Amino acid sequence: MHFRTKESMTGYLSLLPAFAALAAIVFYPMVNTFYHSFTKWNGAESHGIGLRNYTLIFTNGELWTLLRNNAIFLLSIPGILLLSLVVSVLLFEEVRGWRFFRSLYYIPTILSSVVVGMLMKMMFAQSGVVNQLLHALGLTDGKTEWLTQVPTAFMVLIFCFYWQTLGQGALIFLSGLSSISHEIFESADLDGAGWWQRLFHITIPSLVPTIVYFTVTNAIYCFIGLFSLVYAVTQGGPGRETTPIDYMIYIKAFQTPDQLGYASALSIVLFAIALLASWMQIRLSNRFQD
Amino acid sequence: MASRRALSVRLIVYAILVAIAIVDFYPIVYMAVNSSRTSVDFFQNPGGLPDAWHLDNFKALYYRFDVLRLFGNTLLDALLAFAVTIVLSVPASFAFAKLRFPGRSGLYMIVIATMAIPGITFVIPNFLLMSRLGLVDHPGSVIIIWAVTAVPSNIFLLVALMRGIPNEVLEAGKIDGISYVQTLARIVMPLSVPGIVTLAIFNTTGWWNDLFTPLIFLQSDDLKTMTVAVATILKRFDTDYPLLLAGLFMTSIPPIAIYIALQSYIKKGLVIGSVK
C-alpha cells in the first residue's frame, strides 16, 4: 500500500472508536432531542406538534423566571472575579507562606457541589451556626430563615458558588501572573513606577486573557453547572424562585409525566445559550491574544 | 519610616489573607469536628467543640449505610470508565497529534466543539436507550456515559502533550519494524504517563463528585455511588446533623487526599488551556 494512504488509513482507524462512541452517546441522541423537541413525547410514543413546545416555553412566563435565576448567578461573577484577582495579586507579592494560603484556598474547589451544598445548608439552617454567630455579634435576632425566602436563598447559593470558585480563580490568576516576564516589572521599577501604577498599567492588562477565560468558563457554569448545587441546597425552591434552566429540564424530564417533548425543547434552548457563550469565548480569546 | 510603612502594609495583606482563609477553611473544620459528636451534644451548642469525641457516626455509616459498598461502587465504576475512556482517547489523540491525513483539523474541531455541549441535551434519549438495553439501574450505563462524555476533553489535553513526543523516537520504532499497536503500547503510552496521570486525577475526581449521571441512571441503594448516596439516602436523615456531616466528611476525604498527594499534576492540568 502507498505510504501516504497507509498513514491516512491508520489515522481514520485510530479515530474510529472515539467517533463511534461519541456518535452513539452524544451526536445521535442530540439529533434525537432536537427532533423530539417538536413533538409531544411520553418516552414510548410521540406525535409532532410543530413549534408548540417552543411557543409554550416563550409565552408561559416560566422561561423568564428561569433566565432571571441564571442571570442572578451571572451577575455574581464580577464579585468572585474581583475577589480572586485581589487574592492572587496579594499572594503574588510572595508574602511568607503564600504556597500554604494557595493550597488552603484550593481545598473547597475539590469538594463535590453536593457536599458543599449540604454543608452550607446545615450551616445556614435556622438553628445553624451562621445564625448563632450573627446573633452573638448582635447583628440579627438569630432566627433568619435563609432558605425559605428569596433574596437570602440566592445569597446562600451564591456564597456556595464563591466558596467553590475562589481557589480555582486564585490558581488560574497566579499562573497568569507568573507568565508575565520579570523584565517588564524591572524596567517599570527603573522608570520609577509605583505599586498602583504597576498594577493598573502592567499587571491587569497582562491578565486580560486570563480574566476573559475565567469569566466565560464561569458564565457557562452558571448555565449548565448549577444542577448539583441547587439540588443539594434549595431544590429550586421556594416555589421556582431559585430554579435555573438545567434543573427545570431535570424536573420536566424525570419528575413530571409526559413532558419529555417540552424538556427536549428546553434542552435545545439551553444548548443554543451554551453555543452562544462558547462562540463568545472563541471571539474574545482571539481578540485578546495579541 | 519607609520600612515601618512596608511593615504595616504587610500586616494588612496578612490580615486579608488570614480572614479569607478562615472563611474558606472554617466550614471544613466544622464538618470534621461535628462529625464526631452526638446529636444531643451538637444541638446544645452547634458552633462549639464536642464534650467528647465519638466515632459512633462513622460506625453508623458503616453498619447502616454500608459505606464500604458505596465506596467500592464508586471506585469500580470510575476505574472501568477510566479504562474505557483511555482506550478510546489514546489512539485518537495520537492520530491528531502525529499522523497526517485529509480532514484532520476538521475532525479535531468537531471533537473540541463537542466539549461545549451541555450533558443535559443528550440525557433523555440516552436514558431511553439504556432502559431499552436493560442498563438502567445497572453500573454499565453510568460507566458508558462517564467514559464517552470525558473523551473530548481528554483528547484535547492528550493532543497538547503528545505533540511534544519527538518524531525521532517514532521513526526509530518504525525502522525497527514494530506494529502500530506496539508503537502505542511501548512508546506513546509510556511517554504520555504524566498526561495520563493528570487525566486520571481530573476524570476520577470529577466522577467521584458527579451527582447528575448516577442520580438519573441508578435507582437501587446498593448500586449508588458515594455522592449520590449522600444526596439521596443520607438526606432522608437530615435532622441528624452530625451523622450527615460524618457522611459529607467521608465523601470529601478521597478528593482532598488525591489533591494533597498529587498537587503538581492538578496545577499543570488546570493551567493547560487557561494561559496562552
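Residues numbered from 1 in each chain as written. Chains lettered and ligands numbered in written order. Predicted model: local features only at pLDDT ≥ 70, side-chain atom pairs only at ≥ 80, totals over all residues. Heavy atoms only, no water.

## Describing the overall build of chain A
Within chain A, the regular secondary structure consists of 13 helices and two strands. Here chain A has a C-alpha radius of gyration of 24 Å; the compact-globule value for 290 residues is 19 Å, and the former is much larger. With the C-alpha coordinates of chain A rotated into their principal frame, the extents come out at 80 × 70 × 30 Å. Here chain A holds 290 residues, and 53% of them are scored as buried. Restricting the contact set of chain A to residue pairs at least 6 apart, pairs at least 24 apart contribute 68%. Carbon and sulfur atoms make up 65% of the accessible area of chain A, which totals about 13,500 Å². Here chain A holds 15 positive side-chain charges and 15 negative ones, and the gap between their average locations is 7 Å. (Helix = DSSP H or I, 4+ residues; strand = E, 2+ residues; numbered from the N terminus. Rg over C-alpha atoms; globule rule 2.2 N^0.38 Å. Buried < 20%, exposed > 50% of the residue type's maximum accessible area, 1.4 Å probe, protein only. Contact = heavy atoms within 4.5 Å. Areas by Shrake-Rupley, 256 points an atom, 1.4 Å probe, with all protein chains shown as cover. Lys, Arg positive; Asp, Glu negative; His and termini not counted. Charge placed at Lys NZ, Arg CZ, Asp CG, Glu CD.)

## Section: the UniProt feature "domain: ABC transmembrane type-1" (unreviewed entry) in chain A
Per the UniProt record, "domain: ABC transmembrane type-1" (unreviewed entry) is annotated on residues 66-281 of chain A. The annotated region residues 66-281 of chain A carries 77% helix and 0% strand content, and the separation between its end C-alpha atoms amounts to 23 Å. (UniProt positions renumbered as here; feature names shortened; annotations may be inferred.)

## Describing the nonpolar core
Tyr250 and Leu266 of chain A together with Ile155, Phe217 and Leu248 of chain B are the most contacted members of the largest nonpolar core, which totals 176 residues. Sequence-distant contacts of Ile155 of chain B, defined by excluding residues within four places in its chain, comprise Ala18 of chain A together with Ser89, Ala92, Ser93, Phe96, Tyr108 and Val111 of chain B. (Core = buried A, V, L, I, M, F, W, Y, C linked by side-chain atoms within 4.5 Å.)

## A few points about empty space enclosed by the protein
Residues and elements named next belong to chain B. Inspection of the entire model under this criterion finds one cavity of 30 Å³ or more. As a volume, the largest cavity reaches approximately 70 Å³. Taken together, Leu61, Phe65, Val67, Leu70, Met226, Ala229, Val230, Ile233, Leu234 and Gly247 make up the lining of the largest cavity. Among the elements that make up the lining of the largest cavity, the one with the highest residue count is helix 12 (residues 226-232) (three residues). Split into classes, the residues belonging to the lining of the largest cavity amount to nine nonpolar, one polar and no charged. (1 Å grid on protein atoms, 1.4 Å probe; cavity = no way out; pocket = protein on both sides within 12 Å on 5 of 7 lines; lining within 4 Å. Points joined across faces, edges and corners; volume = space filled by probe spheres on them. Nonpolar A, V, L, I, M, F, W, Y, C, P; charged D, E, K, R; others polar.)

## Re the UniProt feature "transmembrane region" (unreviewed entry) in chain B
Residues and elements named next belong to chain B. As recorded in UniProt, the feature "transmembrane region" (unreviewed entry) lies at residues 12-33, 78-99, 106-128, 140-162, 183-202 and 243-262. The span residues 106-128 is 65% helical and 0% strand by assignment, and the distance between its end C-alpha atoms comes to 31 Å. With 95% helix and 0% strand, residues 243-262 has end C-alpha atoms that lie 30 Å from one another.

## Thoughts on a nonpolar patch on the surface
All names here are of chain B. The grouping of Val18, Ile22, Tyr26 and Val29 at the surface amounts to a nonpolar patch, some 320 Å² of accessible area in total. The residue Tyr26 is located in helix 1 (residues 2-34) in this model. The exposure class assigned to Tyr26 is partly exposed, which follows from its relative accessible area of 34%. (Patch = residues over 30% accessible without salt bridge, like charges linked within 9 Å, V, L, I, M, F, W, Y side chains within 5 Å. Salt bridge = Lys/Arg side-chain N within 4 Å of Asp/Glu carboxyl O.)

## So, the interface of chain A and chain B
Contact with chain A, which involves 84 residues of that partner, is made by 84 residues of chain B. Surface buried jointly by chain A and chain B totals about 7,500 Å² across both partners, of which 77% is contributed by carbon and sulfur atoms. For the pair chain A and chain B, the number of links is zero salt bridges. Where chain A meets chain B, there are 12 residue pairs in polar contact (both at pLDDT 80 or more). Among the elements that take part in the side of chain A that touches chain B, helix 1 (residues 3-36) of chain A stands out by supplying 22 residues, more than any other. Residue composition of the side of chain A that touches chain B, by class: 56 nonpolar, 21 polar and seven charged. (Buried area = accessible area lost by both parts, 1.4 Å probe. Polar contact = N/O pair within 3.5 Å; in protein donor to acceptor, adjacent residues only side chain to side chain.)

## Overview of the packing of aromatic side chains
For the structure shown, the criterion picks out 31 aromatic pairs over all chains. Consider the rings of Phe38 of chain A and Tyr54 of chain A, whose centres lie 5.5 Å apart with planes at 40°: the pair is tilted. One end of the pair, Phe38 of chain A, is in the loop between helix 1 and strand 1 (39-41); the other, Tyr54 of chain A, is in helix 2 (residues 52-59), and 16 residues separate them in sequence. Site record: aromatic cluster; members linked through ring pairs are Phe227, Tyr231, Tyr247, Tyr250 and Phe254 of chain A together with Phe127, Phe212 and Phe217 of chain B. Its end group placed over the ring of Tyr108 of chain B, Arg163 of chain B keeps NZ or CZ at 6.0 Å from the ring centre. (Phe/Tyr/Trp six-rings, centres within 6.5 Å; stacked < 30°, edge-to-face > 60°. Lys NZ or Arg CZ within 6 Å of the ring centre and 35° of its normal.)

## Quick notes on the packing of helix 6 (residues 113-123) of chain A against helix 8 (residues 150-178) of chain A
Residues and elements named next belong to chain A. The interhelical angle for the contact between helix 6 and helix 8, taken along N-to-C directions, is 130°, at an axis separation of 10 Å. What the angle tells us is that helix 6 and helix 8 run oblique. Crossing angle aside, the handedness with which helix 6 passes helix 8 is right-handed. Contacts from Ser113, Val116, Leu119 and Met120 in helix 6 reach Phe159, Cys160, Trp163 and Gln164 in helix 8. (Axes fitted to C-alpha atoms, helices over the stretch in contact; angles between N-to-C directions. Parallel < 35°, antiparallel > 145°, perpendicular 65-115°, else oblique. Left-handed = near helix turned anticlockwise from the far one by under 90°.)

## Thoughts on the side chain of Ser141 of chain B
Residue and element names in this part refer to chain B. The residue Ser141 is located in helix 7 (residues 139-162) in this model. Side-chain polar atoms of Ser141 contact the backbone oxygen of His138, separated by 2.9 Å. Apart from the residues lying within four places of it in its own chain, the contact partners of Ser141 are Met130, Leu135 and Phe217.

## Considering the UniProt feature "domain: ABC transmembrane type-1" (unreviewed entry) in chain B
Summarizing the sequence annotation, UniProt attributes the feature "domain: ABC transmembrane type-1" (unreviewed entry) to residues 71-262 of chain B in the numbering used throughout. In residues 71-262 of chain B, helix accounts for 76% and strand for 0%; the two terminal C-alpha atoms are 20 Å from one another.

## What about the pattern of salt bridges?
Scanning all chains against the criterion turns up four salt bridges over all chains. Residues Glu241 of chain A and Arg68 of chain A are paired through a salt bridge, measuring 2.9 Å at the closest nitrogen-oxygen approach. Taken together, the positions of Glu241 of chain A in the loop between helix 11 (227-233) and helix 12 (245-255) and Arg68 of chain A in helix 3 (residues 62-75) put the pair 173 residues apart, joining distant regions of the chain. Through salt bridges with shared partners, a single ionic network connects Asp221, Lys224 and Arg236 of chain B.

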